[in-house]
Amino acid sequence: MRRIYLLRHGEPDFPGGIKVCMGKAQDYPLSEQGRKEALELRKYFLGKDSTDIFCSDARRSIQTAAYIRYGSERIQVVKGLGEIDPGRWAGNSFDKIRKSEPEYYKKRGEDLINIPFPGGESMGDVRQRVHSVFRQVLKMSRGDLILCGHSTVNRVILHFALDIDLAQTLEIPQPYGCISVLEEEEGKFSASVLGAEAWKLNCQKAAERIYQKYQVSSNIRRHCEKVAQVADEIACLLVKKGY
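Residues numbered from 1 in each chain as written. Predicted model: local features only at pLDDT ≥ 70, side-chain atom pairs only at ≥ 80, totals over all residues. Heavy atoms only, no water.

**Observations regarding the pattern of salt bridges**
Right, so step 1: Scanning all chains against the criterion turns up ten salt bridges.
Right, so step 2: Of the charged contacts in the structure, one is a salt bridge between Asp57 and Lys24, with a shortest N-O distance of 3.3 Å. One end of the pair, Asp57, is in the loop between β2 (50-55) and α2 (59-69); the other, Lys24, is in the loop between β1 (2-8) and α1 (32-45), and 33 residues separate them in sequence.
Right, so step 3: Here the salt bridges share partners, and the residues they tie into one network are Asp95, Arg98 and Lys99. (Salt bridge = Lys/Arg side-chain N within 4 Å of Asp/Glu carboxyl O. Helix = DSSP H or I, 4+ residues; strand = E, 2+ residues; numbered from the N terminus.)

This is the structure in structure tokens:
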């Protein structure tokens, strides 16, 4: 059995902190938060035997991969792993797009699989592009491997590997700095992790070490996990409120 780790890059450094559709001209580096997310990814992979790491040619993807490996000498850049092409919407904020092209924005939002960005790609287009690239990467690699890419590309790979409908993959979270883990055995894939943020996985590992060290009972474990879940929900609500 081998593992394929699908990562999303860390947060890009959007000018003025305003999120925009990113095309080739918007090749932003990682933000301060993005660098923290990349460091959490590095922490997650410490001690893991991942022999190969592949990434797209986007700067945010290359930088994230370099944090994991502390350098670029072992990183293989694969252009076919690039994010979906946003066409003429590149460089525009979603608020601006909603106001300037409300009908097409609504139409595409109702069918992300088949309706492309104007002058760009749809998820279906990305599926056609990435399928052969993913198979090629699998053949190029030895043992466990890391693919440091983008949200749409990761969803398309999960669609292939898990044989699920492409629309279903939209329900799989893809926050910055997240990890999905595929396990391959005799050409068949299963998933043990889907879209989990690296810092949360690292916290879970640290908690498990404490549980084992102090032989914490199952009742107390469940209580601690529930408290952590509620705390996370409160934190998410505070972030949404601007705190």
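**Some details on the packing of aromatic side chains**
Right, so step 1: For the structure shown, the criterion picks out eight aromatic pairs.
Right, so step 2: Above the plane of the ring of Tyr44 lies Lys48, whose end atom (NZ or CZ) is 4.1 Å from the centre. (Phe/Tyr/Trp six-rings, centres within 6.5 Å; stacked < 30°, edge-to-face > 60°. Lys NZ or Arg CZ within 6 Å of the ring centre and 35° of its normal.)

**Topic: the packing of α1 against helix α7 (residues 198-213)**
Right, so step 1: Taken N-terminus to C-terminus, the directions of α1 and α7 make an angle of 40 degrees; their axes are 8 Å apart at the nearest point. In terms of their interaxial angle, α1 and α7 are classed as oblique. Remark: the crossing between α1 and α7 carries left-handed chirality. Residue-level contacts link Glu40, Leu41, Lys43 and Tyr44 of α1 to Ala198, Trp199, Leu201, Asn202 and Lys205 of α7.
Right, so step 2: Looking at the contact of α1 with α7 residue by residue, the class counts come to five nonpolar, one polar and three charged. (Axes fitted to C-alpha atoms, helices over the stretch in contact; angles between N-to-C directions. Parallel < 35°, antiparallel > 145°, perpendicular 65-115°, else oblique. Left-handed = near helix turned anticlockwise from the far one by under 90°. Contact = heavy atoms within 4.5 Å. Nonpolar A, V, L, I, M, F, W, Y, C, P; charged D, E, K, R; others polar.)

**With respect to the nonpolar core**
Right, so step 1: Ile4, Val130, Leu147, Ile157 and Leu182 are the most contacted members of the largest nonpolar core, which has 30 residues in total.
Right, so step 2: For this core, the secondary-structure elements that each account for two or more residues are β1, α5 (123-140), β4 (144-149) and α6 (151-162).
Right, so step 3: Of the residues forming this core, the biggest block, seven residues, is contributed by α5.
Right, so step 4: If we skip the residues at most four places from it in the chain, Val130 touches Gly80, Val153, Val156, Ile157 and Phe160. (Core = buried A, V, L, I, M, F, W, Y, C linked by side-chain atoms within 4.5 Å. Buried < 20%, exposed > 50% of the residue type's maximum accessible area, 1.4 Å probe, protein only.)

**Brief notes about a nonpolar patch on the surface**
Right, so step 1: Side chains of Val230, Ile234, Leu238 and Tyr243 sit close together on the surface and give an oily, nonpolar patch of about 440 Å² of accessible area.
Right, so step 2: Mapped onto the elements, Leu238 comes out in helix α8 (residues 218-240). (Patch = residues over 30% accessible without salt bridge, like charges linked within 9 Å, V, L, I, M, F, W, Y side chains within 5 Å. Areas by Shrake-Rupley, 256 points an atom, 1.4 Å probe, with all protein chains shown as cover.)

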